[in-house]
Amino acid sequence: MVQRTNPGPPRKSSRGASALGRVGQVRNLGLFAVLVILCVVGAATSSNFATSQNVLVILTSAAVVGVITVGQTFVIIGGGIDLSVGAIVALGSVWCTTVATQSFGLGGMLLCAVLVGGVVGLVNGLIIAYGRVVAFITTIAMMASARGLAERISDRQSQLVTVEPFNQIASIRFLNVPLLVYILAVVVIAGWVLLNRTTFGRRTYAIGGNPEAARLAGLDVRRHTALLYVLSGVCCGIAAVMLTARTTSGASNLGNLYELDSIAAVIIGGTLLTGGRGSLIGSILGVLVFTTITNIFVLNNLTTDIQQIAKGVIIVAAVLIQRRGRAAAT
């Protein structure tokens, strides 16, 4: 007797995954279209918008938040969230600009900022993964602690950078493009390869989608979760270097509200807050959308309150579209 099989469920799952993939591609195209529309609006409302200098201003402004957003994307896809990124940037900035650290020169300052970010990220990861404390609580506590430590180290005063090669990180240009833009491009490319072409990226999606199923499949969920926060911290350390070089000083108030900007960019880019699905390219497009909006408002002398209202409306609209797209795909 020939036994009949029922291939229905697997095909349904495959169709659902394919549909969700198409939704992600459409969302990225939609974000690109929004960016193009914003550029048209900017060019129509200001004669200074459609200039090569202003394009470089937009890209340079997006560089710091963009690097932070790369790490935030990994964390959120993995099912977590990091509210301490802005405070980590401030702590890395202050620590790498102390008199003792600056005495080691450019290499010592760079290493210090990245190490501080990585260590703070590791502390977050260990508490969340092995201490089983909710990511929201852990990172908001770290946000307060890291900011407070930065204030204590700097005594709430700006620390001027006396190492000139460090300051030149923000002023050096190659082919008339600032070095900060190249740094963003390198981080984004490395992040994309890590997320889409390596086992680490596949495990990130698996753990974010269903951590229990990932554990039963043999993945070390706790170790991987800790590594995601280390990655986020390292991105914050790189961003601290970029921001400190731009301001030529370290201060405890740097990176203020960067956690909200990075999370908003990730949401706009289509990454699910529940984890398991997202796109690094979408997140970067989200950063560019927000940065372009801010640039248009500045060129047209619009007040900051209007900017915040516009950003809030965009975030809510993105979440609603995300929910509708997910429902249609499933």
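Analysis parameters
Residues numbered from 1 in each chain as written. Predicted model: local features only at pLDDT ≥ 70, side-chain atom pairs only at ≥ 80, totals over all residues. Heavy atoms only, no water. Helix = DSSP H or I, 4+ residues; strand = E, 2+ residues; numbered from the N terminus. Buried < 20%, exposed > 50% of the residue type's maximum accessible area, 1.4 Å probe, protein only. Contact = heavy atoms within 4.5 Å. Areas by Shrake-Rupley, 256 points an atom, 1.4 Å probe, with all protein chains shown as cover. Core = buried A, V, L, I, M, F, W, Y, C linked by side-chain atoms within 4.5 Å. Patch = residues over 30% accessible without salt bridge, like charges linked within 9 Å, V, L, I, M, F, W, Y side chains within 5 Å. Salt bridge = Lys/Arg side-chain N within 4 Å of Asp/Glu carboxyl O. Polar contact = N/O pair within 3.5 Å; in protein donor to acceptor, adjacent residues only side chain to side chain. pLDDT = per-residue confidence, 0-100. 1 Å grid on protein atoms, 1.4 Å probe; cavity = no way out; pocket = protein on both sides within 12 Å on 5 of 7 lines; lining within 4 Å. Points joined across faces, edges and corners; volume = space filled by probe spheres on them. Nonpolar A, V, L, I, M, F, W, Y, C, P; charged D, E, K, R; others polar.

Moving on, we get to the overall build of the chain. Helix and strand counts for the chain come out as 14 helices and four strands. Looking at the chain as a whole, 47% of its 330 residues are labelled buried. In the chain, of all internal contacts separated by at least 6 residues, the share reaching a separation of at least 24 is 78%. Surface accessibility of the chain: about 16500 Å² in total, with carbon and sulfur atoms responsible for 65%.

This next bit is on unusual backbone geometry. Positive phi outside glycine occurs at Arg156, with the angle close to 60°. Within the secondary structure layout, Arg156 lies in the loop between α6 (135–154) and β1 (159–160). For Asn176, which is not a glycine, the phi torsion comes out positive at approximately 70°. On the basis of relative accessibility, which here comes to 49%, the residue Asn176 falls in the partly exposed class.

Attention now goes to the nonpolar core. Residues Val64, Val67, Ile68, Val70, Val89 and Phe166 are the most contacted members of the largest nonpolar core, which totals 54 residues. Those elements that place two or more of their residues in this core are α2 (52–77), α3 (85–96), α5 (105–129), α6, α8 (179–196), α11 (221–247), α12 (258–268) and α13 (280–299). Here this core gets 10 residues from one element, more than from any other, and that element is α11. Residues Leu31, Leu35, Ile268 and Ile296 belong to the second largest nonpolar core, which totals 18 residues.

A surface patch of nonpolar side chains, amounting to about 620 Å² of accessible area, comprises Val119, Val123, Ile127, Val133, Val134, Phe136, Ile137 and Ile140. Where the nonpolar patch is concerned, the elements lending two or more residues are α5 and α6. Following the sequence through the fold, Val123 ends up in helix α5.

Right, let's talk about the pattern of salt bridges for a bit. A complete count under the given rule lists three salt bridges for this structure. Here Asp220 and Arg223 are joined by a salt bridge, their closest N and O atoms 4.0 Å apart. Judged by relative accessible area, which is 38%, Asp220 ranks as partly exposed.

All right, on to the side chain of Asn167 then. Position of Asn167 among the secondary structure elements: in helix α7 (residues 164–167). Take Asn167: its relative accessible area is 10%, and that puts it in the buried class. Within the structure, Asn167 has its side chain in polar contact with the backbone oxygen of Val161 (distance 3.4 Å).

Now for the confidence of the model for the chain. Of all residues in the chain, 88% have pLDDT values of 70 or greater, and the mean over the chain is 88. Mean pLDDT values for the elements of the chain range from 67 in helix α1 (residues 8–45) up to 97 in α5. Counting contacts from residues 1–14, a segment whose pLDDT is below 50, to residues more than four positions away or on other chains yields zero contacts. Contacts of residues 16–20 to residues separated by more than four positions or lying in other chains number six contacts, the stretch itself having pLDDT below 50.

Glancing now at the layout of surface pockets. Approximately 660 Å³ is the volume found for the largest pocket. Forming the boundary of the largest pocket are 26 residues, of which Val65, Tyr258, Asp261, Thr294 and Lys311 lie nearest the centre. Every element with two or more residues in the lining of the largest pocket is listed here: α2, α11, α12, α13 and α14 (304–329). Classifying every residue of the lining of the largest pocket gives 16 nonpolar, seven polar and three charged. By volume, the second largest pocket is sized at about 520 Å³.

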